[in-house]
Amino acid sequence: MKDMYEFLFNGLINHNLHQFMKQLYEYFHHPMVLCDVNYVVLAQHPNQQIGDMLFDHMQEHQKVAVEMLPFIQLGNYQKDLDQNNNVIYVDYGVGQTIPRIIAAITDNDNIIGYLCILFADGKPSSEIFSFISKLAKTIASIICHSKTGYNYNRYEYFAIMNYLFSNDNINKHDLEKLLPAQPNNFSRDYCIITTKVGLKSNEIVYLNQLHQHIITLPNTYSYLQDNCLYILITGLNRATKNNIINKVKSLITAVNIYKLKFGISYIFDNLLDINIYKQQALKAYDLSKQQFTFFEDIALESFFTTSSYKIYLHPLITKLKQIDESTKNDYYHTLKSYICNFGDSHKTIEQLAIHRNTLLYRLEKIKELTNVDLHDEKLCTLLLISFFLAENN
């Protein structure tokens, strides 16, 4: 054991997680897997099939089997604990599996990963339990001082998501300080998508799986809060409902999760307003009667059941005001008059005291700038309500 403690000390000095795990396997001669807190594989040795069903699944798919997660979290496989309750001996009892030890990797009492070591010759000795407890602490230290392993480079990502989704008072100054830290930045034209599971449901592990998958994708971000997962999709320039549905379908297909329902907000272009669209997605989810529910499809239904009028304002209202301020045009009042006159061009011309050609030109520019279809009856109804709310609140 003396050599092993020297080995741990050298690992602390070098702070190279993958090299440390490889050398640990070469020294220890026991198959082992290191996972992050979402059960995604960070390191695995040997990197080959060994005839153990669970180890082989993780080697092939780089994560714990989804169907195993509820049972793991319930502790169904736990057989023994060390005196500090942080090194667990488990026997999965699934097929011909090898007994193993699972140790929690913690940083300031927060679990940041799990180390699993297999023992083909049976249950390990109590001395091994003590050593693995120290090994787990060494790995935690290496992770905390390393850019490898647990993806501490994602901390900036999590900081942005935490600010956007858990802050009721988002301001431009703080947002501009956070966003440059994200290498790819955030493209405009956003959409919030929300899904939930029961508070006491084992299906929370499905949200974890989906959350972990989304983290690896471009232009798609997620934030997991209790039993609710928020998904932020960016760069949705001129996207249709089918485009968004297909995007979400690709997410759930990648992790083999098909039971979830989703509420979907309007597409918007200002992250300072994200709380409004977060509420839209939640409202759409709460009133959903099918797998994918867009807020615009339930807005009228829920309109008279809430006092929070801002979430019902169509983003076109704000966008036209901003365009008018920067270009000194009058698209907002033109469209307001046209919509409030129910598309009657003659009444609109009289009210605005403009020429017919001027009205046609402005309407065409509005279509060009905003990609709206003014022949869409539901859209015109929503705009009518939005203009009413904007003028009376």
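Structure: above.
Residues numbered from 1 in each chain as written. Predicted model: local features only at pLDDT ≥ 70, side-chain atom pairs only at ≥ 80, totals over all residues. Heavy atoms only, no water.

Draft legend 1. Focus on the overall build of the protein chain. Counting its secondary structure elements, the protein chain contains 16 helices and eleven strands. Across the 393 residues that make up the protein chain, the buried fraction comes to 48%. Counting only contacts in the protein chain whose residues sit at least 6 apart along the sequence, the fraction spanning at least 24 positions is 60%. Just so you have it, the protein chain exposes about 20100 Å², and 48% of that area is on carbon and sulfur atoms. (Helix = DSSP H or I, 4+ residues; strand = E, 2+ residues; numbered from the N terminus. Buried < 20%, exposed > 50% of the residue type's maximum accessible area, 1.4 Å probe, protein only. Contact = heavy atoms within 4.5 Å. Areas by Shrake-Rupley, 256 points an atom, 1.4 Å probe, with all protein chains shown as cover.)

Draft legend 2. Here's a closer look at the sheet that holds strand S7 (residues 191–196). Spatial strand order, S8-S9-S7-S10-S11: five strands in an open sheet with mixed pairing. A strand with exactly one partner marks an edge of an open sheet, and here the two such strands are strand S8 (220–225) and strand S11 (292–294). Adjacent strand axes in the sheet meet at a mean angle of 20 degrees, parallel and antiparallel pairs treated alike. As defined by bridge partners, S7 adjoins strand S9 (residues 228–233) across six bridges and the pair is classed as antiparallel. What sits directly across from Lys 196, in S9, is Cys 228. Of the strands in this sheet, S7, S8, S9, strand S10 (262–264) and S11 are in contact with helix H9 (residues 241–254), which crosses S11 at around 145 degrees. Relative to the sheet, helix H10 (residues 274–286) contacts S7, S8, S9, S10 and S11, its axis offset from that of S7 by approximately 40 degrees. (Pairing = 2+ DSSP bridges. Axes fitted to C-alpha atoms, helices over the stretch in contact; angles between N-to-C directions.)

Draft legend 3. Structural view of unusual backbone geometry. In the segment running from His 45 into Pro 46, the intervening peptide bond is cis, with an omega of 0 degrees. Among the secondary structure elements, Pro 46 is positioned in the loop between strand S2 (41–45) and helix H3 (53–61). Positioned with a positive phi, His 29 is a non-glycine residue whose angle comes to about 65 degrees. Position of His 29 relative to the elements: it lies in the loop between helix H2 (17–28) and strand S1 (32–36). Despite not being glycine, Lys 328 shows a phi value in the positive range, around 65 degrees. With respect to the helices and strands, Lys 328 occurs in the loop between helix H12 (315–327) and helix H13 (331–340). Exposure remark for Lys 328: the relative accessible area of 73% places this residue in the exposed category.

Draft legend 4. Quick peek at the packing of H13 against helix H14 (residues 345–352). The N-to-C vectors of H13 and H14 enclose an angle of 135 degrees; their axes lie 8 Å apart at closest approach. Classified by the angle between their axes, H13 and H14 sit oblique to one another. Considering the relative orientation of H13 and H14, their crossing is right-handed. Residues His 333, Thr 334, Ser 337 and Tyr 338 of H13 form the contact with H14, whose own contacting residues are Ser 345, Thr 348, Gln 351 and Leu 352. (Parallel < 35°, antiparallel > 145°, perpendicular 65-115°, else oblique. Left-handed = near helix turned anticlockwise from the far one by under 90°.)

Draft legend 5. Structural detail: the layout of surface pockets. Computed from the structure, the largest pocket encloses a volume of approximately 910 Å³. When contributions to the lining of the largest pocket are tallied by element, the ones reaching two or more residues are H9, helix H11 (295–302), H12, helix H15 (356–370) and helix H16 (377–392). Per-element accounting of the lining of the largest pocket gives the leading share, four residues, to H12. Tallied by class, residues from the lining of the largest pocket come to 14 nonpolar, eight polar and eleven charged. Mapping the lining of the largest pocket onto the domain boundaries places at least three of its residues in each of domain 2 (155–303) and domain 3 (309–392). (1 Å grid on protein atoms, 1.4 Å probe; cavity = no way out; pocket = protein on both sides within 12 Å on 5 of 7 lines; lining within 4 Å. Points joined across faces, edges and corners; volume = space filled by probe spheres on them. Nonpolar A, V, L, I, M, F, W, Y, C, P; charged D, E, K, R; others polar. Domains from an automatic or database assignment.)

Coordinates in, geometry out; function isn't part of it.
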